[in-house]
Amino acid sequence: MQRVFEVSKENKNKVENILKKDDLVSRQSITMRIFDDNAYFLIEGEEEAIKRAEELLKDLAKIAKNEQEIIKKIKEEEEQALVGFGSILG
């Protein structure tokens, strides 16, 4: 399961700390990116952990309305980074 949370840049560190401190959520794949003056946290993992993250972040973050677009952007960036890294190692 995947979920993207949108948070203001001011609350980025608070959200990051909350996610890292929770035992269940911290064991999932968490990717953070900043687009258009907001921070986006993509959490990929177990449904139970995603629901826990939703509960933990209900006062600081919201589920991104353009979730699929953000996921696509993050994946494209990751692919570009891998291609660039591969060309370095040649």
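What counts, and where the lines are drawn
Residues numbered from 1 in each chain as written. Predicted model: local features only at pLDDT ≥ 70, side-chain atom pairs only at ≥ 80, totals over all residues. Heavy atoms only, no water. Helix = DSSP H or I, 4+ residues; strand = E, 2+ residues; numbered from the N terminus. Buried < 20%, exposed > 50% of the residue type's maximum accessible area, 1.4 Å probe, protein only. Arc of directions from axis to C-beta. Contact = heavy atoms within 4.5 Å. Phe/Tyr/Trp six-rings, centres within 6.5 Å; stacked < 30°, edge-to-face > 60°. Lys NZ or Arg CZ within 6 Å of the ring centre and 35° of its normal. Pairing = 2+ DSSP bridges. Axes fitted to C-alpha atoms, helices over the stretch in contact; angles between N-to-C directions.

Chemist: Is there a simple way to think about unusual backbone geometry in this case?
Modeler: Trans is the prevailing form of peptide bonds, just as negative phi is the prevailing case for residues other than glycine. The backbone of aspartate 36 shows a phi angle near 50 degrees, a positive value even though the residue is not glycine. Structurally, aspartate 36 can be placed in the loop between strand S2 (29–35) and strand S3 (38–44). Residue classification places aspartate 36 among the exposed residues on the basis of a relative accessible area of 65%. In this structure, aspartate 37 is a non-glycine residue whose phi angle is positive, near 65 degrees. You can see aspartate 37 is positioned in the loop between S2 and S3. For aspartate 37, a relative accessible area of 58% puts it in the exposed group.

Chemist: Explanation requested: helix H3 (residues 47–57) in the structure shown.
Modeler: Owing to its 3.6 residues per turn, the α-helix brings residues three or four apart onto one side. Those residues of H3 that fall on the buried side of the exposure criterion are Ala49, Ile50, Ala53 and Leu57. Axial view of H3: buried residues confined to an arc of 100 degrees, hence all on one face. The inward-facing, buried residues of H3 contact strand S1 (2–8), helix H1 (12–21), helix H2 (23–26) and S3.

Chemist: Got a minute to help me understand the packing of aromatic side chains in this structure?
Modeler: Each pair of aromatic rings is reported with the distance of its centres and the angle of its planes. One pass over the structure, following the stated rule, counts 1 aromatic pair. Aromatic pair phenylalanine 35 and tyrosine 40: ring centres 6.0 Å apart, planes at 40 degrees, arrangement tilted. Residues phenylalanine 35 and tyrosine 40 agree in their burial class; the two are buried. The residue whose ring lies beneath lysine 73 is phenylalanine 35, and the NZ or CZ to ring-centre distance is 4.4 Å.

Chemist: Help me understand the sheet that holds S2, please; the structure alone is not making it clear to me.
Modeler: Where strands meet in a sheet, backbone hydrogen bonds hold them as pairs that are either parallel or antiparallel. In spatial order, the strands read S2-S3-S1-S4; together these 4 strands make up an open sheet with antiparallel pairing. Each edge of the open sheet carries a strand with a single partner, namely S2 and strand S4 (62–63). Across 7 bridges, the pairing between S2 and S3 is antiparallel. Looking across to S3, one finds that methionine 32 is bridged to phenylalanine 41. Where H1 meets the sheet, its contacts fall on S1, S2 and S3, and the angle it forms with S3 comes to roughly 15 degrees. Sheet strands touched by H3: S1, S3 and S4. Its angle to S1, the strand with the most contacts, is close to 15 degrees.

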